Amino acid sequence: MSRLTRRDLLKSSVAVTATAAADNTPAAAQAAKPALRPPPAAEKLPLVRARLLLDFGWRVHLGHACDESKDFDFGLNQRTFAKAGNDVSTAAELDFDDSGWQQINLPHDWAVALPFVPSTNPPPPPADDPRAAHGFKPLGRRYPDTSIGWYRRTFDLPASDLGRRLSIEFDGAFRDCLVMLNGYIVGSNQSGYAPFRVDVTDFANYGGKNILTVRVDATLGEGWFYEGAGIYRHVWLVKTDALHIPQWGTWVTSKINGTTAAIEISTELFNEGLSVRKCQLVSTVFDPKGRAVASLRTQPLTMGSQEKRLLAQRAVLHAPALWSVETPQLYQLVTKVVADGKTVDDAVTSFGVRSIRFDPEKGFFLNSKPVKLNGTCNHQDHAGVGAALPDRLHAWRIERLKEMGCNAYRTSHNPPAPELLDACDRVGMLVVDETRRMSSDDEAISELERMIRRDRNHPSIVLWAIGNEEPQQGTDRGARIATTMKRVCRELDPTRPITAAVDNDKVWGIGITPVLDVLGCNYRTDKIPAFHVRYPGKPTIGTETGSTVSTRGIYVRDPASGYCVAYDTEFPWWASTAEAWMNIVAPRPFIGGGFVWTGFDYRGEPTPQNHWPNVSSQFGFMDTCGFPKDNYFYYKAWWGNEPVLHLFPHWNWQGKEGQKINVWCHSNLDRVELLLNGQSQGVRDVVPLRHVEWDVVYAPGIIEARGYKGGKQVLTAKRETTGAPAQIVLRPDRTAIAADGEDVVVVTVEIADAQGRMVPTASNQVAFSVSGPGALIGVGNGDPRSHEPDKGANRSAFNGLCTAILQSAKMPGALRLDATAPGLQPASLVITTMPAKFRPSVG
């Protein structure tokens, strides 16, 4: 569908204005808890449009990038495109026998299940091995037998669907997809991150069986980090009337004026039928409590065959419930297309009412209040599942960040899953939404357009990002490309500024900088104040800051081990410690904030050890499982609102009796006293944005930190010398989940001594077994050098911890996890899977 802009709306819109009453409670006094579900009034409305989840019941098999006989005859005799519906692939035929293929549900990442494979003739360390960037998985032209995946799904369509418009919507697949229905090639998509849609109306078997086949080619990559392989996001079958709202066809903007907010609703309407249709558009706005606060109806419309129209409706909300970091209030818009006295199509759109601006002297403002962006950059993979995260795991990660005071998230370096943005909307997490490719070629512009059209209703998004450390960032060519991309952003969304992450301070001010609304500075944080003096009118943020490298539970520096110490001391040449960048950005209001590289460790890019056997990064202040490292508590102390007293390292130093151990505390209190076995080791005053430390002669027993505020002791933290590993302890993030076939529980697995204390050096291998309505979908331990399988039933603990991720089945009951290890007391856990309403899905 051609792009429709605000300019088009002004030329050819039908406008309806209404005044609506909203909650009269002052915005600041409204409930602080985020709405975890849509407002109830809108949630219960029946939908005429069918948007059916197409995740369950797939079959998958690896193909071959070079040998057509191993690729299900794809490309055989060069007849693939000779005759539509013929000679594409045997796997695209309805009667093909796929009984030997693996049964899976989406999301699915086949790369995470592949073994780690070292390079042949790599450069000797310390030189970087290029394959380390993608985590040593066998993908690419050197690995033709593991770089192609084939997916098949059969489904029935009723005869009554004839006359409706049918499409398949893919939220994301990596990458280079060819989509076939009933033997016909019906669409393709290059991007591994942008969503795409395929119209299958003409190719469907109505009143019969259909075969959907997808060939995914992960031979070529798009990033320099682990990207996964396969259909790793949701797929949907969408059925609409010929007269309908196109995909992403509703958009709501708001403007706050004192105690009211003016909202403008833009709705696209498309008549794909052969006859003229008369209709009306009805829009109802529901407030965060589920109450209808505005109802709008256009004048009768006449839509010609194949006519597209952009309609505008306007309303005023009194005392609107504002979306903010503290109170992320969400409204819902229910849109109905009424023709011949009945609703023929409808859509539900969540949105928020809020204002944003970047000031070059005072930073970022949300609802006219200054907010420092305390953010993190993150890739999209997780231990156990790779890039194929269930919805709940996206939310779990956002919740972990929010809990420690993080208020902003940069989607490095690609459009994220929609569910991640939904989670950010619900909990109050600001977002920099980033496209994958900085280019103005047709494909890159299409990817940018799809990202913006899909995401522009999310109140959490405050910036569009068009690039990251690009070769053309300081050139005139780069400026031309950025200008074209900015024009597209403005046409689709004039309400948000654009940025790009520039990593060379020598080109700050030239190249793409004048084009950007906000300059994103990758590292060189100490150079930002001087840039501000030279360019006082340009707002700035730190799009990548920090980059301390650390390994959870490691406190002795040994470069040969591949691990980094967990103190805030080690960083690559281009980066800095957490304390260094925070002391630059935090006290300077003209810097809008900073985004730590990274919140979570991720697969690939194992800096500073970019060679075998290292397979994961160590940049995160949480590891790949989401277990906090010690630097997590530094940020929690200075970003959060609660008193923090975090003491480290552990106190298991057998063999180091009489030697000094460096002891740190991250705290936001006034003073901290350290004791060893009851004897004071001294008191330290806490300097804001700094840690406190002691060198303590090791003796087994207890180190204890006592934190003081206003002269009173308010917190205590201890580290004890533990006994030997004796038992397994299981700690789930929840004890009850939905029995919908999608929900997950994240289980922390601890190796503890006989007194129940986690043994911080334990590495016992744990075996898992699951019974009841659910499955073990992944395991991990956060070890950046571990080559153990993520999809196995065993995992070694790393410094006392590992994780297991369980997913429910579509039936209620008791989901049991048993964990055993030689010589340890076993543990079991029962998760209740609760009756749940299934999302509408394809049978």
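Please read these numbers as outputs of a predicted model, since none were measured by experiment. (Residues numbered from 1 in each chain as written. Predicted model: local features only at pLDDT ≥ 70, side-chain atom pairs only at ≥ 80, totals over all residues. Heavy atoms only, no water.)

### Section: the nonpolar core
Stage number 1. Ranked by internal contacts, the top residues of the largest apolar core, which has 68 residues, are Trp58, Tyr151, Leu212, Val214, Ile231, Phe364 and Leu430.
Stage number 2. Setting aside residues no more than four positions away along its own chain, Leu212 makes contact with Leu54, Trp58, Tyr151, Arg152, Arg153, Phe155, Ile168, Val179, Met180 and Leu181.
Stage number 3. The next biggest cluster of nonpolar side chains, apart from the first, holds 64 residues, and it includes Ile452, Val488, Trp581 and Trp639. (Core = buried A, V, L, I, M, F, W, Y, C linked by side-chain atoms within 4.5 Å. Buried < 20%, exposed > 50% of the residue type's maximum accessible area, 1.4 Å probe, protein only. Contact = heavy atoms within 4.5 Å.)

### Describing the environment of Trp612
Stage number 1. Relative to the assigned elements, Trp612 resides in the loop between strand 31 (591–597) and helix 9 (630–639).
Stage number 2. Residues contacting Trp612, with those up to four places away along its chain left out, are Phe116, Val117, Pro118, Phe136 and His787. (Helix = DSSP H or I, 4+ residues; strand = E, 2+ residues; numbered from the N terminus.)

### What about the packing of helix 5 (residues 442–455) against helix 6 (residues 476–492)?
Stage number 1. One can describe the packing of helix 5 onto helix 6 by two numbers: an axis separation of 10 Å at closest approach and a directional angle of 30°. Here helix 5 lies roughly parallel to helix 6, going by the angle between them. Helix-helix and strand crossings are classified by hand; for helix 5 and helix 6 the assignment is right-handed. Of helix 6, the residues touching helix 5 (which contributes Ile445, Leu448, Glu449, Ile452 and Arg453) are Thr484, Met485, Val488, Cys489 and Leu492. (Axes fitted to C-alpha atoms, helices over the stretch in contact; angles between N-to-C directions. Parallel < 35°, antiparallel > 145°, perpendicular 65-115°, else oblique. Left-handed = near helix turned anticlockwise from the far one by under 90°.)

### Describing the pattern of salt bridges
Stage number 1. Taken as a whole and judged by the stated rule, the model has 48 salt bridges.
Stage number 2. With a closest N to O distance of 3.1 Å, Asp87 and Arg79 form a salt bridge.
Stage number 3. On the basis of relative accessible area, Asp87 is assigned to the partly exposed category, the value being 40%.
Stage number 4. The shortest N-O distance in the salt bridge between Asp517 and Lys486 comes to 3.2 Å. With Asp517 in the loop between strand 28 (498–502) and strand 29 (518–522) and Lys486 in helix 6, the pair connects residues that are 31 residues apart, well separated along the chain.
Stage number 5. Within this structure, Arg392, Glu399, Asp733, Arg734 and Asp743 form a network of salt bridges that share partners. (Salt bridge = Lys/Arg side-chain N within 4 Å of Asp/Glu carboxyl O.)

### Re the environment of Ser99
Stage number 1. In this structure, Ser99 sits in the loop between strand 3 (58–62) and strand 4 (102–104).
Stage number 2. Considered as a pair, Ser99 and Arg59 are 40 residues apart in the sequence and their alpha carbons are 8.4 Å apart.
Stage number 3. Within polar-contact distance, the side chain of Ser99 engages the side chain of Asp97 at 2.7 Å. (Polar contact = N/O pair within 3.5 Å; in protein donor to acceptor, adjacent residues only side chain to side chain.)

### Thoughts on the pairing of strand 21 (residues 356–359)
Stage number 1. Relative to strand 22 (residues 363–366), strand 21 runs antiparallel, the two being bridged by four bridges. Paired with Ile356 across the bridge in strand 22 is Leu366.
Stage number 2. Where strand 21 hands over to strand 22, the hairpin turn is made up of three residues, counted between the paired strands. (Pairing = 2+ DSSP bridges.)

### Some details on the packing of helix 8 (residues 578–585) against helix 9
Stage number 1. In contact at an axis separation of 11 Å, helix 8 and helix 9 are set at 20° when each is read in the N-to-C sense. Classified by the angle between their axes, helix 8 and helix 9 sit roughly parallel to one another. Read as a crossing pair, helix 8 and helix 9 show a hand that is right-handed. Here Ala578, Glu579, Trp581 and Met582 of helix 8 come into contact with helix 9, specifically with Tyr634, Tyr635, Trp638 and Trp639.
Stage number 2. Class assignment of the residues belonging to the contact of helix 8 with helix 9 gives a composition of seven nonpolar, no polar and one charged. (Nonpolar A, V, L, I, M, F, W, Y, C, P; charged D, E, K, R; others polar.)

### A short note on the confidence of the model for the protein chain
Stage number 1. Chain-level statistics for the protein chain give a pLDDT mean of 94 and a share of 95% at 70 or above.
Stage number 2. Here residues 1–38 scores under 50 on pLDDT; set against residues more than four positions off or in separate chains, the count is 98 contacts. (pLDDT = per-residue confidence, 0-100.)

### Some remarks on the layout of surface pockets
Any space left empty among the atoms is revealed by the rolling of a water-sized probe across them.
Stage number 1. Here the second largest pocket defines a volume of roughly 820 Å³.
Stage number 2. Along its surface, the second largest pocket is lined by 36 residues, and Arg552, Pro628, Glu750, Met758 and Leu801 are the ones closest to its centre.
Stage number 3. For the lining of the second largest pocket, a count of residues per class yields 16 nonpolar, eight polar and 12 charged. (1 Å grid on protein atoms, 1.4 Å probe; cavity = no way out; pocket = protein on both sides within 12 Å on 5 of 7 lines; lining within 4 Å. Points joined across faces, edges and corners; volume = space filled by probe spheres on them.)

### Observations concerning the sheet that holds strand 45 (residues 801–808)
Two strands in a sheet stick together by hydrogen bonds in their backbones, pointing the same way (parallel) or opposite ways (antiparallel).
Stage number 1. Read across the open sheet, the four strands follow the order 39-41-45-43; overall the sheet is antiparallel. Both edges of this open sheet fall to strand 39 (727–732) and strand 43 (774–780), since each of them pairs with a single strand only. Across the sheet, the mean angle separating the axes of adjacent strands is 25° when strand polarity is ignored.
Stage number 2. Bridge analysis of strand 39 against strand 41 (residues 744–752) gives six bridges, and the strand direction is antiparallel. Within strand 41, the position partnered with Pro732 by the bridge is Val747.

### Structural notes on the sheet that holds strand 22
Stage number 1. On the basis of which strands lie adjacent, the open sheet formed by three strands has the order 21-22-23 and antiparallel pairing. Every interior strand has two partners, whereas the edge strands, strand 21 and strand 23 (369–370), have only one.

### Here we look at unusual backbone geometry
As a rule of thumb, non-glycine residues mostly have phi less than zero, and peptide bonds are mostly trans rather than cis.
Stage number 1. Of the consecutive residues Pro125 and Pro126, the connecting peptide bond is found in the cis state with omega at 10°.
Stage number 2. Among the secondary structure elements, Pro126 is positioned in the loop between strand 4 and strand 5 (148–157).
Stage number 3. With an omega dihedral of -15°, the bond running from Ser412 to His413 counts as a cis peptide bond.
Stage number 4. Structurally, the position occupied by His413 is in the loop between strand 25 (408–411) and helix 4 (418–427).
Stage number 5. Of note in the backbone geometry, Phe72 takes a positive phi value of approximately 55° without being a glycine.
Stage number 6. One can find Phe72 in the loop between strand 3 and strand 4.
Stage number 7. Although it is not a glycine, Asp340 sits at a positive phi angle of roughly 55°.
Stage number 8. Checked against the element boundaries, Asp340 lands in the loop between strand 19 (331–339) and strand 20 (342–351).
Stage number 9. Residue Asp340 is classed as exposed on the basis of its relative accessible area, which comes to 69%.

### Comments concerning the side chain of Asn610
Stage number 1. Mapped onto the elements of the fold, Asn610 is located in the loop between strand 31 and helix 9.
Stage number 2. Within the structure, the side chain of Asn610 is placed 3.2 Å from the backbone nitrogen of Thr607, a separation counted as a polar contact.
Stage number 3. Residues contacting Asn610, with those up to four places away along its chain left out, are Ala127, Asp128, Asp129, Ala132 and Glu605.

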